[in-house]
Structure formats: C-alpha cells, structure tokens
Amino acid sequence: MNATPFLSAQEAQAFGKVGVLFGGRSAERDVSIMSGSGVLAALQSQGIDAHAFDPGQRSLAELAAEKFDRVFIALHGRFGEDGSLQGALELLGIPYTGSGVMASSVGMDKITTKILWLAENLPTPKYAVLNAHSDLGKVAADLGLPLIVKPPHEGSTIGITKVEQADAFQAAYDIAAALDDSVLAEEFVTGREFTVAVLGTGVNARALPVVEIVAPQGNYDYQNKYFTDDTQYFCPAVLDAAITAEMQRIAVQAYRSLGCEGWGRVDVLLRVADNKPFLLEVNTSPGMTSHSLVPMAARAEGISYEQLCVEILRSARLKMKG
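Residues numbered from 1 in each chain as written. Predicted model: local features only at pLDDT ≥ 70, side-chain atom pairs only at ≥ 80, totals over all residues. Heavy atoms only, no water.

Draft legend 1. Quick peek at the sheet that holds strand β2 (residues 49–53). The sheet built from three strands is open, its strands ordered β2-β1-β3 with parallel pairing. Single-partner strands in this sheet number two, and they are β2 and β3 (70–73). Averaged over all neighbouring strand pairs, the angle between strand axes comes to 30 degrees, with direction disregarded. The sheet contacts of helix α4 (residues 84–92) involve β1 (17–21) and β3, and relative to β3 the element is tilted by about 175 degrees. Contacts from helix α12 (residues 305–314) reach β1 and β3 within the one sheet, and its direction differs from that of β3 by about 125 degrees. (Pairing = 2+ DSSP bridges. Helix = DSSP H or I, 4+ residues; strand = E, 2+ residues; numbered from the N terminus. Axes fitted to C-alpha atoms, helices over the stretch in contact; angles between N-to-C directions. Contact = heavy atoms within 4.5 Å.)

Draft legend 2. Layout of the packing of helix α7 (residues 136–143) against helix α8 (residues 169–177). Between α7 and α8, the least distance of the axes is 10 Å, while the angle of their chain directions is 100 degrees. In terms of orientation, α7 and α8 fall into the roughly perpendicular class. Of the residues in α8, those in contact with Leu136, Val139 and Ala140 of α7 are Phe169, Gln170 and Tyr173. Per-class residue counts for the contact of α7 with α8 are five nonpolar, one polar and no charged. (Parallel < 35°, antiparallel > 145°, perpendicular 65-115°, else oblique. Nonpolar A, V, L, I, M, F, W, Y, C, P; charged D, E, K, R; others polar.)

Draft legend 3. Seen up close, the environment of Ser292. Residue position: Ser292 is located in the loop between β13 (277–283) and α11 (293–300). Between the alpha carbons of Ser292 and Glu212 there is a distance of 12 Å; along the sequence they are 80 residues apart. At 3.2 Å, the side chain of Ser292 and the backbone nitrogen of Met288 are in polar contact. There is a polar contact of 2.7 Å between the side chain of Ser292 and the backbone nitrogen of Thr289. (Polar contact = N/O pair within 3.5 Å; in protein donor to acceptor, adjacent residues only side chain to side chain.)

Draft legend 4. Just unusual backbone geometry, in detail. Cis rather than trans, the peptide bond between Leu145 and Pro146 has omega equal to 0 degrees. With respect to the helices, strands and loops of the structure, Pro146 is situated in the loop between α7 and β5 (147–150). The amide bond that connects Cys235 to the next residue, Pro236, takes the cis arrangement and shows omega of 0 degrees. As for its position among the elements, Pro236 is in the loop between β11 (232–234) and α10 (241–257).

Draft legend 5. Local environment of the nonpolar core. Residues Val20, Val39, Leu43, Ile48, Phe72, Leu308 and Cys309 are the most contacted members of the largest nonpolar core, which totals 34 residues. Contributing elements (two or more residues each) for this core: β1, α2 (29–45), β8 (191–199), β10 (211–214), α11 and α12. Top contributing element to this core by residue count: α12, with six residues. In this structure Cys309 touches Val39, Ala42, Leu43, Phe72 and Met288, once residues within four positions along its chain are discounted. Ranked by size, the runner-up nonpolar core spans 25 residues in total, among them Trp117, Val210, Val252 and Cys260. (Core = buried A, V, L, I, M, F, W, Y, C linked by side-chain atoms within 4.5 Å. Buried < 20%, exposed > 50% of the residue type's maximum accessible area, 1.4 Å probe, protein only.)

Draft legend 6. The packing of α2 against α12, seen in detail. Packing of α2 against α12 brings their axes to within 9 Å, and their N-to-C directions diverge by 90 degrees. Between α2 and α12, the angle falls in the class roughly perpendicular. Contacts between α2 and α12 involve Ser35, Gly38, Val39, Ala42, Leu43 and Ser45 from the first element and Tyr305, Glu306, Cys309, Val310 and Leu313 from the second. Along the lines of polarity and charge, the residues of the contact of α2 with α12 split into seven nonpolar, three polar and one charged.

Draft legend 7. The pairing of strand β4 (residues 127–130), seen in detail. Judged by which residues are buried, β4 turns out to be one-sided: Ala128 and Leu130 face inward and are buried, whereas Tyr127 and Val129, on the alternate face, are not. Note that β4 and strand β7 (residues 183–187) share four bridges and pair antiparallel. If you follow Tyr127 over to β7, its bridge partner there is Glu186.

Draft legend 8. Structural context of the environment of Trp117. Within the element layout of this structure, Trp117 appears in helix α6 (residues 110–119). Once the C-alpha coordinates of Trp117 and Gln253 are considered, the two residues, 136 residues apart in sequence, prove to be 9.0 Å apart. One polar contact links Trp117 to Ser257, side chain to side chain, over a distance of 3.4 Å.

Structure follows, in structure tokens:
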C-alpha cells in the first residue's frame, strides 16, 4: 500500500473518532478480519483516529460506550452485512458506511434479490426455492443440469455445490440446508465470470472498471478467492466496449433497485453462447483484503486503497430520517 498521507491534519480530525467494525460471528469471520485490518491501517495512515472493534467479541453496550463519531463496516455475512447491525447503529445514532437496514437485508437474501431484479426486468438465471418437501427431480428437469445449489444467506461461495448428476442433488441440498432455512437452486449459466464494483448513492452511483475472474478449472471457491494466487484477474476486463457498458449499466441499475448506497459489488456472468450478461448477486459490504476486487477496480481508475477507504468513510451516515 502507498501510505503517503493525502489528508491534511484538519481533514483527518473532521472524521472524529472512527470505529472499524470487523470480525463478527458469521462464517466469513476470518475474511472480515483481513478486510478490517487493511481498512484500519489505511485510515490510520491518513491520520484518522481509527480504532478496531469486533462485534463478535464485544457487546453493543461496549460499542455505544466507545462514543464513535462514525463507523466503517468491514463485516461480511450474517450479523454484519444483513441489516441487523445497521438497525442497531440506527438506534444508537452512530453514522455508518454502506447500505441501510432494508438494502442490506435484501442484498443478503439472494432469493428476494432475484425477485426484485426480475420485477425490474433485469437478467438473472432461472431459479427455484427448495425445502425438505421439494421434488428435486422436477426441479432438475425444469432448470436443467448442471445446476447450482446454494444457501441464500451466505457469502464467499460458502455451501455452494455444482450439481452435474441428478443423484448428487440431494447431497447438495443437505449441505446448503445445514446453513440456511431455505435453499436456492439456480440454472447454471456457462460463461465468463465478472464483477462490477459500484460507488455512490442513487443517481450518483457509478460503476468502476469491470473485473474478469479466471479461476482454476472455473472454480472460484473460498480457497481460490482468498488464500491462493492461482486465480487470475483482468482489470479492466478485455471486452467489447458495448458489452462493458451494458454490464456496468445493469450492475448500477441492480444496485439502485435494491436501494444500496456507499459502495457495493455486483457479480455477473456473461453467457458464452450469446454474450448476454446475467446478474448473480450483490455484496453490500464487499471484501477489502489483498485479493479483493473492489480495491482492484478502484486501482484501475487511479484510486489508491487508502483513497478508497477514505471515500467510503466520508459517505458514512444515518439512513433513517428523524
């Protein structure tokens, strides 16, 4: 990281006492610790009075007692990215980064996200919602094989299985059902994998350069996301200008349609047969690790990691009027 200060002492002091929330209680705790540690160091390098706070180990009473002027949420998954913490911060009156209660909750629920995107005529793969009584044979016939099975409230590809044979469907369902009350089965789209980072709010939301992800054997799993150097990233992605523009357009529309703000990341598949993009999911508190994609996209636009962290922190606010 380039830690050369670009904020004046007066600008840094204007942020007040800042809490960087990371760790938490979700299955993505380890990744959150990596993200938050990077954010904390970046903010401190600019002279900001930033302090670590782990909601997985400390209570909301302790959070209130810290008297933070604002907080940077670097939590991923449940109890940090799903609206629950955002609601607590609204009650405590502590301005925070990222999306508000509703957008965080909806963005964390891949099923509700798809319903809203389809209402906006945005492209997303066909799907089915499964429970213990679902006819898996009928679902496989409707969606075709292979298909993807995932817990709709987890991130970082946790609990996801690609089902290539019908007799493997039940085991894939059981893996996802152990993590979530409902299970999402999704049409498998054969194509290239991309992500689009979005900064800002409402009409001011804008897409950063598109990132293409090329994972070993096409398997962009938890290990290949965070702990190996085998996955390749291309930013800006090598694409026809019209396809790039369309991918960025639908990503920003997808972000706005859920009411996201501050920052986020929209994952997209480009179908190889016809170059049609399909929206997969939105991340309302994306990773900020050394392997993460939002900092990579920002760098391609000339925004350093430290500048990105400060821009996100500057957008911190309470979202509920009154």
